[in-house]
Amino acid sequence: MSGFDLTGLTASFGGERVIGPLSLSVREGDRVALVGRSGAGKSTLINLIHQQVQGHSSLVPQNLGLVNALQVFHNVYMGRLDANATWYNTLTLVRPFARDSREVKALLEELAMPEKVWIPAASLSGGQRQRVAIARALYRKADLLLADEPVSALDGPTAHLVMKLLKQRFRTSVIALHDVELALAYCTRIVGIQDGQVALDEPSDKLTPADIMPLY
Ligand SMILES: Nc1ncnc2c1ncn2[C@@H]1O[C@H](COP(=O)(O)OP(=O)(O)OP(=O)(O)O)[C@@H](O)[C@H]1O
């Protein structure tokens, strides 16, 4: 099951409430775009959902969470660390197995950067780093994708390529997006966040960009 039903979600920083109490039900097959102005609480909500569903999601966090000293292969491989035995992960750190290298390279090919597989993450551009975090989420193959601005550093055509891929590979997703056109094109449901509360929750096909703009 990739959906979830969460109620009473709250988050505070320094005694100040930034989320909730908020409820969110996501059904299997929903592709939810979280929209709203900067500071509205989208990242905090994604992190809360991630904690609640525990290991059952593929996460693309806003800060990407890459290890700079490790090669791209190892950063992508980390998406499935918990699926393998410790001895297998340790050997992989020294010398990756051919089938894992092939699988990671194929994903990087889909993301238009196969030549970077053995390059340290520290040497990548911002858009390449973002695609490595996306490859890691794809490699994890969870049923639910949680992604926080996953295409913010990508050019237009690459952003579309990535959004298409995410739509193909994850049946259910919650994606924070500032780009309203992308949200309407690739997501089935728009959830608008304002001051830590749900201010809009409608199917995408009932909305135009003008309906979403008051949230900004
Ligand atoms: N670690 C933290 N410590 C203190 N305050 C925080 C922390 N993380 C978030 N906040 C505050 O919580 C509120 C919501 O932040 P959040 O990052 O969830 O917003 P957002 O909608 O994702 O913004 P953006 O679109 O800019 O990423 C903001 O007021 C922010 O300052």
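Residues numbered from 1 in each chain as written. Predicted model: local features only at pLDDT ≥ 70, side-chain atom pairs only at ≥ 80, totals over all residues. Heavy atoms only, no water.

- As annotated in an unreviewed UniProt entry, the chain is ABC transporter from Marinobacter vulgaris.
- UniProt, in its Subcellular location (unreviewed entry) section for the chain, records the words "Cell inner membrane". (UniProt positions renumbered as here; feature names shortened; annotations may be inferred.)

1. Some points on the sheet that holds strand β5 (residues 144-148)
Okay, so step 1: Strand order in the open sheet formed by six strands is β4-β5-β6-β3-β7-β8, and the pairing between neighbours is mixed. The two strands at the open ends of the sheet, each matched to only one other strand, are β4 (57-60) and β8 (197-203). Adjacent strand axes in the sheet meet at a mean angle of 15 degrees when their direction is disregarded.
Okay, so step 2: The pairing of strand β3 (residues 31-35) with strand β7 (residues 189-194) spans four bridges and is parallel. Across the sheet, residue Ala33 finds its bridge partner in β7, namely Ile190.
Okay, so step 3: On the sheet, helix α5 (residues 126-140) packs against β4 and β5 and is oriented at approximately 180 degrees with respect to β4. (Pairing = 2+ DSSP bridges. Helix = DSSP H or I, 4+ residues; strand = E, 2+ residues; numbered from the N terminus. Axes fitted to C-alpha atoms, helices over the stretch in contact; angles between N-to-C directions. Contact = heavy atoms within 4.5 Å.)

2. Focus on the site of the ligand
Okay, so step 1: In the neighbourhood of the ligand, the contacting residues comprise Phe13, Val18, Arg37, Ser38, Gly39, Ala40, Gly41, Lys42, Ser43, Thr44, Gln62 and His178.
Okay, so step 2: A distance of 2.6 Å separates an oxygen atom of the ligand from a polar atom in the side chain of Ser38.
Okay, so step 3: In this structure, an oxygen atom belonging to the ligand sits 3.0 Å away from a side-chain N or O atom of Gln62.
Okay, so step 4: Protein chains bury 58% of the 640 Å² of accessible surface belonging to the ligand in isolation.
Okay, so step 5: Of the residues forming the shell around the ligand, the biggest block, three residues, is contributed by helix α1 (residues 42-53). (Near = heavy atom within 4 Å. Polar contact = N/O pair within 3.5 Å; in protein donor to acceptor, adjacent residues only side chain to side chain. Areas by Shrake-Rupley, 256 points an atom, 1.4 Å probe, with all protein chains shown as cover.)

3. Considerations on the environment of Ala142
Okay, so step 1: Topologically, Ala142 is positioned in the loop between α5 and β5.
Okay, so step 2: Given a relative accessible area of 12%, Ala142 falls into the buried group.
Okay, so step 3: In this structure the C-alpha to C-alpha distance between Ala142 and Val32, which are 110 residues apart in sequence, comes to 16 Å.
Okay, so step 4: Excluding residues that lie within four positions of it along the chain, Ala142 makes contacts with His56, Ser57, Ser58 and Phe170. (Buried < 20%, exposed > 50% of the residue type's maximum accessible area, 1.4 Å probe, protein only.)

4. Let's talk about the packing of α5 against helix α6 (residues 156-169)
Okay, so step 1: In the contact formed by α5 and α6, the axes pass within 11 Å of each other and the chain directions differ by 10 degrees. One element, α5, and the other, α6, form an angle in the roughly parallel class. Taken together, the residues of α6 that come into contact with α5 (itself represented by Arg131, Ile134 and Leu138) are Thr158, Val162, Leu165, Leu166 and Arg169.
Okay, so step 2: In terms of residue class, the contact of α5 with α6 is built from five nonpolar, one polar and two charged. (Parallel < 35°, antiparallel > 145°, perpendicular 65-115°, else oblique. Nonpolar A, V, L, I, M, F, W, Y, C, P; charged D, E, K, R; others polar.)

5. Details of the pairing of β8
The side chains of a regular strand alternate, first on one face of the sheet and then on the other.
Okay, so step 1: Of the strand pairs in this sheet, β7 and β8 are connected by six bridges, and their pairing is antiparallel. Note on β8: the bridge partner recorded for Gly192 is Leu200.
Okay, so step 2: The hairpin turn running from β7 into β8, its antiparallel successor, is two residues long, and Asp195 in that turn takes a positive phi close to 50 degrees.

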